[in-house]
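# Coordinate analysis (summary)
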Amino acid sequence: MKRIAICPGSFDPITNGHIDIVKRSLRIFDEVIVAVAVNLKKKPLFDIEKRVQLIRQSLEGLENVRIESFNGLLVDYVKQKSGVAIVRGLRAVSDFEYEMQMALMNRRLDHEVETVFMMPSEEYSFLSSTMIKEIASFGGSVKGLVPEPVEQALKEVFNLKE
Ligand code: ADP
């Protein structure tokens, strides 16, 4: 049986840190579904279609990866996709408390779904979508931190020169 992992997140937008985690997941699982959360409390910079499109472009050529959006409870979605695990990235100790809370709550909601944590390469361990948006909004360079299509999309959104 195929072992499917779900990498959930807002991906607003996808960064090289996310890609690092997806690639690491592929070394352990047969298939990875990148699941983009629709129901966000904060208003995203990129709408759901654009976030999915940017992930598609950024992961082009990578085998055994699917990109989807989802609504509602994550554990329900994981079950529906026959996933065996949720994969989350851990950057720093600061991520830990929130991630542990969420993992334990998800376990409570469905004890069959495991959460697996992976550490990104240290060059991405300081990277967040929030920081990328902040840098780009002030005209700073995000080269090497996000994939090319995301760099272009940020330039368009913030009216930056090529
Ligand atoms: P969320 O809003 O659910 O935290 P994100 O899109 O910010 O969604 O992140 C999705 C997942 O990717 C989370 O597990 C997060 O810890 C992880 N992640 C985000 N940035 C990085 C990074 N630079 N390196 C490794 N993992 C990351």
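Before reading on, note that the structure itself is shown above.
As a starting point, this report considers the structure included with it.

How each quantity is defined
Residues numbered from 1 in each chain as written. Predicted model: local features only at pLDDT ≥ 70, side-chain atom pairs only at ≥ 80, totals over all residues. Heavy atoms only, no water. Salt bridge = Lys/Arg side-chain N within 4 Å of Asp/Glu carboxyl O. Helix = DSSP H or I, 4+ residues; strand = E, 2+ residues; numbered from the N terminus. Buried < 20%, exposed > 50% of the residue type's maximum accessible area, 1.4 Å probe, protein only. Pairing = 2+ DSSP bridges. Right-handed = clockwise from strand over helix to strand, strands pointing away. Near = heavy atom within 4 Å. Polar contact = N/O pair within 3.5 Å; in protein donor to acceptor, adjacent residues only side chain to side chain. Nonpolar A, V, L, I, M, F, W, Y, C, P; charged D, E, K, R; others polar. Patch = residues over 30% accessible without salt bridge, like charges linked within 9 Å, V, L, I, M, F, W, Y side chains within 5 Å. Areas by Shrake-Rupley, 256 points an atom, 1.4 Å probe, with all protein chains shown as cover. Axes fitted to C-alpha atoms, helices over the stretch in contact; angles between N-to-C directions. Contact = heavy atoms within 4.5 Å. Arc of directions from axis to C-beta.

### Focus: the pattern of salt bridges
- If you walk through the whole model with that rule in mind, you get 13 salt bridges.
- As a salt-bridge pair, Glu-68 and Lys-81 come within 3.1 Å of each other at their nearest N and O atoms. Of this pair, Glu-68 sits in strand E3 (residues 65-70) while Lys-81 is found in the loop between helix H3 (74-80) and strand E4 (83-89), placing the two residues 13 residues apart along the sequence.
- Linking Lys-143 and Glu-151 is a salt bridge whose minimum nitrogen-to-oxygen distance equals 3.3 Å.

### Comments concerning the pairing of E4
- Most of E4 is tucked away: five of the seven residues are buried.
- As judged from the three bridges shared by strand E1 (residues 4-9) and E4, these two strands associate in the parallel manner. Bridge pairing in E4 links Ala-5 to Ala-85.
- Handedness of the β-α-β unit built from E4, helix H4 (residues 93-109) and strand E5 (residues 114-118) comes out right-handed.

### Overview of the site of the ligand
- Taken together, 14 residues lie near the ligand, and Ser-10, Phe-11, Gly-89, Tyr-124 and Leu-127 sit nearest.
- A distance of 2.4 Å separates an oxygen atom of the ligand from a polar side-chain atom of Ser-10.
- In this structure, Arg-91 approaches the ligand through a side-chain N or O atom, which is 3.3 Å from a nitrogen atom.
- For the shell around the ligand, the elements supplying multiple residues, two or more each, are E1, helix H1 (16-26) and E4.
- At three residues, H1 tops the list of elements feeding residues into the shell around the ligand.
- Across the shell around the ligand, the residue classes tally to six nonpolar, five polar and three charged.

### Quick look at the environment of Met-105
- Looking at the secondary structure, you find Met-105 in helix H4.
- Here Met-105 falls in the partly exposed class, since its relative accessible area comes to 46%.
- Between the C-alpha atom of Met-105 and that of Val-75, which follows or precedes it by 30 residues, the distance is 9.9 Å.

### Observations regarding a nonpolar patch on the surface
- There is a patch of nonpolar side chains on the surface, built from Val-93, Phe-96, Met-100 and Leu-104 and spanning about 400 Å² of accessible area.
- In this fold, Phe-96 is placed in helix H4.

### Section: the sheet that holds E1
- One open sheet accounts for five strands, arranged E3-E2-E1-E4-E5; its pairing is parallel. Each having just a single partner strand, E3 and E5 make up the two edges of the open sheet. Direction aside, neighbouring strands of the sheet carry axes that sit 30° apart on average.
- One ladder, built from six bridges, connects strand E2 (residues 31-37) with E3; its direction is parallel. What sits directly across from Ala-37, in E3, is Phe-70.
- Contacting E1, E2, E3, E4 and E5, H1 crosses the sheet at an angle of about 150° to E2.
- Its contacts with the sheet put helix H2 (residues 48-58) on E2 and E3, and the angle it makes with E2 is roughly 155°.

### Focus on H2
- Within H2 the residues assigned to the buried category are Ile-48, Arg-51, Val-52, Leu-54, Ile-55 and Ser-58. Along the axis of H2, the buried residues cluster in a sector spanning 160°; they form a single face.
- Along its buried surface, H2 packs onto H1, E2, E3 and helix H6 (148-157).

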